[in-house]
Amino acid sequence: MSTRWHFAAKDLRGAIAAYAKRFDLLEVRVTLGAQPGSDEEAPMPALATLRRWRKSVPPPFDFAVVAGPRVARVKLSSAAEEELNAACAAVDGLHARCFVLRTPPEVTPAALWRDRIAKIIDRVARDATHFVWEPSGVWETAEAAAQARAWGILLAVDPAREPVPPGPVAYLRMRALGETHSFGPLALERIVRAVGERREVFVIVETDSPLEEVKHLRRIVRNTRRQKKLGGGARLVRPRGNIVVRDDEQE
């Protein structure tokens, strides 16, 4: 099995056609528009624009639709209902492979919140779309992963700081936090090893230089595949005597 990797930058930079030459995945955030005095995002592009985006990129290019702030708070309201309907329409218009629900810290592991999240999961068609849940706050990764398995959905994680849940598909968000503005080659190699063999991996690179990280990741993935075709594992170098040294230990 050869893992199919999808790479995205945090935001669309420039025209969609130019972006698609560098990346092969884009997250589209769905909002109804900022309320006066709020810090919420501007509304998503019109549905006609989303359909035009789908037609203007190559067939292998994929989209992920991110639920807006009203849906993310998982509280029933007419505004949240409208936003969820808009998100589902965006999934259809983009033929999106993923629907992402990023819940804020106030959405805790309490039974009330679990029930509300489950109701949203039931509303999103999953015949060709992965439902991705990205919790924050007090959720422990192991607990969230167990809950995601029970719901039959994907758990999004930061592979540099959290274990990647098992399964054929992974959704990763590489965050630039604190003094970490980018990831070096060794850190990227560790991430690829942590992911391992899967059917598909969706990666959102939220750093100052996402294109550089993506170039490194693609190179590491290619080298890993090449090594496996040649027999897998690190090549052993046998010097005189009985000492065996791997290539990666020689520096």
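Parameters at a glance
Residues numbered from 1 in each chain as written. Predicted model: local features only at pLDDT ≥ 70, side-chain atom pairs only at ≥ 80, totals over all residues. Heavy atoms only, no water. Core = buried A, V, L, I, M, F, W, Y, C linked by side-chain atoms within 4.5 Å. Buried < 20%, exposed > 50% of the residue type's maximum accessible area, 1.4 Å probe, protein only. Contact = heavy atoms within 4.5 Å. Phe/Tyr/Trp six-rings, centres within 6.5 Å; stacked < 30°, edge-to-face > 60°. Helix = DSSP H or I, 4+ residues; strand = E, 2+ residues; numbered from the N terminus. Axes fitted to C-alpha atoms, helices over the stretch in contact; angles between N-to-C directions. Parallel < 35°, antiparallel > 145°, perpendicular 65-115°, else oblique. Left-handed = near helix turned anticlockwise from the far one by under 90°. Nonpolar A, V, L, I, M, F, W, Y, C, P; charged D, E, K, R; others polar. Pairing = 2+ DSSP bridges. Salt bridge = Lys/Arg side-chain N within 4 Å of Asp/Glu carboxyl O. Polar contact = N/O pair within 3.5 Å; in protein donor to acceptor, adjacent residues only side chain to side chain.

K.L.:
How do you make sense of the nonpolar core when you look at a structure like this?
P.N.:
Looking at soluble globular proteins, one finds that nonpolar side chains tend to be buried together. Of all hydrophobic cores here, the largest spans 75 residues; its most connected members are F63, V65, F99, L101, W133 and Y171. Setting aside its immediate chain neighbours within four residues, Y171 contacts E27, A64, C98, V100, V132, L155, A156, V157, F202 and I204.

K.L.:
Looking at this structure, I do not really get the packing of aromatic side chains. What am I missing?
P.N.:
Given two aromatic rings, their pairing is described by the distance between the two centres and the angle made by the two planes. For the structure on display, the rule yields eight aromatic pairs. An angle of 75° between the planes, with centres 6.1 Å apart, marks the rings of Y19 and F61 as edge-to-face. Linking Y19 in helix α1 (residues 16-20) with F61 in the loop between α2 (47-56) and β3 (62-66), this pair joins segments that are 42 residues apart in sequence. The interplanar angle of 90° and the centroid separation of 4.8 Å between the aromatic rings of W133 and W139 together place this pair among those described as edge-to-face. No difference in accessibility class separates W133 from W139, as the two residues are buried. One aromatic cluster in this structure is built from Y19, F23, F61 and F63.

K.L.:
Help me understand the packing of α2 against helix α4 (residues 78-94), please; the structure alone is not making it clear to me.
P.N.:
When two helices pack together, their arrangement is given by the angle between the helix axes and by the axis-to-axis distance. For the pair α2 and α4, interaxial distance at closest approach is 8 Å and the crossing angle is 30°. Relative to α4, α2 is oriented roughly parallel. In this structure, α2 crosses over α4, and the sense of that crossing is right-handed. Residues L47, L50, R51, W53 and R54 of α2 form the contact with α4, whose own contacting residues are A89, A90, G93 and L94. When its residues are assigned to classes, the contact of α2 with α4 shows six nonpolar, one polar and two charged.

K.L.:
How should the environment of A87 be read in this particular structure?
P.N.:
Within the fold, A87 resides in helix α4. Separated by 43 residues in the primary sequence, A87 and M44 place their C-alpha atoms 9.5 Å from one another. Excluding its chain neighbours within four sequence positions, the residues that come into contact with A87 are V30, V65 and F99.

K.L.:
Help me understand the sheet that holds strand β1 (residues 4-9), please; the structure alone is not making it clear to me.
P.N.:
Sheet strands pair by backbone hydrogen bonding; their relative direction is either parallel or antiparallel. Taken together, the eight strands give an open sheet; going across it, the order is β1-β8-β7-β6-β5-β4-β3-β2, and neighbouring strands pair in parallel fashion. Unpaired on one side and paired on the other, β1 and β2 (25-29) mark the two borders of the sheet. Looking at each pair of strands side by side, their axes are set apart by 25° on average, direction ignored. Inspection of the sheet shows β1 paired to strand β8 (residues 200-206) by six bridges, in the parallel sense. Of the residues in β8, the one forming a bridge with H6 is F202. On the sheet, α4 packs against β2, β3 and β4 (98-102) and is oriented at approximately 180° with respect to β3.

K.L.:
I tried to follow the pattern of salt bridges on my own but got confused; where do I start?
P.N.:
When charged atoms on two side chains of opposite charge get close, those side chains can pair. Under the defined criterion, the tally for this structure stands at 17 salt bridges. Notably, a salt bridge pairs D62 with R97, separated by 3.7 Å at the nearest N-O pair. Residue D62 is found in strand β3, and its partner R97 is found in the loop between α4 and β4; the two are separated by 35 residues along the sequence. We note that D62, like R97, is buried. R97 is the salt-bridge partner of E200, the closest N and O atoms lying 2.7 Å from each other.

K.L.:
Teacher, can you tell me more about the environment of D122 here?
P.N.:
Residue position: D122 is located in helix α5 (residues 111-123). D122 sits 29 residues away from W151 along the chain, and the two C-alpha atoms are 9.7 Å apart.

K.L.:
Just checking my understanding: could you explain the side chain of T3 for this structure?
P.N.:
Following the sequence through the fold, T3 ends up in the segment before β1. You can call T3 buried: its relative accessible area is 4%. A polar contact of 3.3 Å, which involves the side chain of T3, links it to the side chain of E197. For T3, the side chain forms a polar contact with the main-chain oxygen of R198, separated by 2.8 Å. Not counting chain neighbours up to four residues away, the residues in contact with T3 comprise G196, E197, R198, R199, E200, V201 and R225.

K.L.:
I would appreciate a short explanation of the environment of R218 in the present structure.
P.N.:
With respect to the element layout, R218 can be found in helix α8 (residues 210-229). The contact partners of R218, leaving out residues within four places of it in the chain, are F7, R22, F23 and D24. Within the structure, R218 has its side chain in polar contact with the backbone oxygen of R22 (distance 3.1 Å).

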